[in-house]
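# Structural description and commentary
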Amino acid sequence: MMKQLLIFGKFIGHLLMGGGMFAALLLFGGSLNMLVHWAGPIIGDETFFDLMRNVEKFILYADVVFTVWWTVYSTYKAIKEMHHE
């Protein structure tokens, strides 16, 4: 029973770490968005806005894909450890 609680604790910790990384990447993407809005009038180029909008979307989608992968990997790892128990 103690081994199962340890595995569960590692699983929860792994998920929390993934959530923290998701939040950090989301904060980076949001900061990039704010920077583009502030620098936009100075640069004044529509292609710059389009490029940065695509970069922001890429960061967001990559963040979501990474979080889903992290969750699936954490679950697989915990199930594998429980199975070997």
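Residues numbered from 1 in each chain as written. Predicted model: local features only at pLDDT ≥ 70, side-chain atom pairs only at ≥ 80, totals over all residues. Heavy atoms only, no water.

Another point: helix α2 (residues 46-84). When the terminal C-alpha atoms of α2 are compared, their 57 Å separation across 39 residues agrees well with the 57 Å that a helix rising 1.5 Å per residue should span. Met52, Glu56, Ile59, Asp63, Trp70, Ser74 and Ala78 are the residues of α2 that are buried. If you follow the buried residues of α2, they end up packed against α1 (2-43). (Helix = DSSP H or I, 4+ residues; strand = E, 2+ residues; numbered from the N terminus. Expected span 1.5 Å × (residues − 1). Buried < 20%, exposed > 50% of the residue type's maximum accessible area, 1.4 Å probe, protein only. Contact = heavy atoms within 4.5 Å.)

Following the sequence through the fold, Val65 ends up in helix α2. Separated by 17 residues in sequence, Val65 and Met82 place their C-alpha atoms 26 Å apart.

Here we come to the side chain of Glu56. When you line up the elements, Glu56 lands in helix α2. Notably, Glu56 is buried but unbridged: the nearest opposite-charge side chain belongs to Arg53, and the N-O separation is 6.2 Å. (Lys, Arg positive; Asp, Glu negative; His and termini not counted. Salt bridge = Lys/Arg side-chain N within 4 Å of Asp/Glu carboxyl O.)

A word on the pattern of salt bridges. If you walk through the whole model with that rule in mind, you get one salt bridge. For Arg53, the salt bridge identified is with Asp50, shortest N-O distance 3.4 Å. Within this pair, Arg53 and its partner Asp50 are both found in helix α2, separated by three residues, close to a single helical turn.

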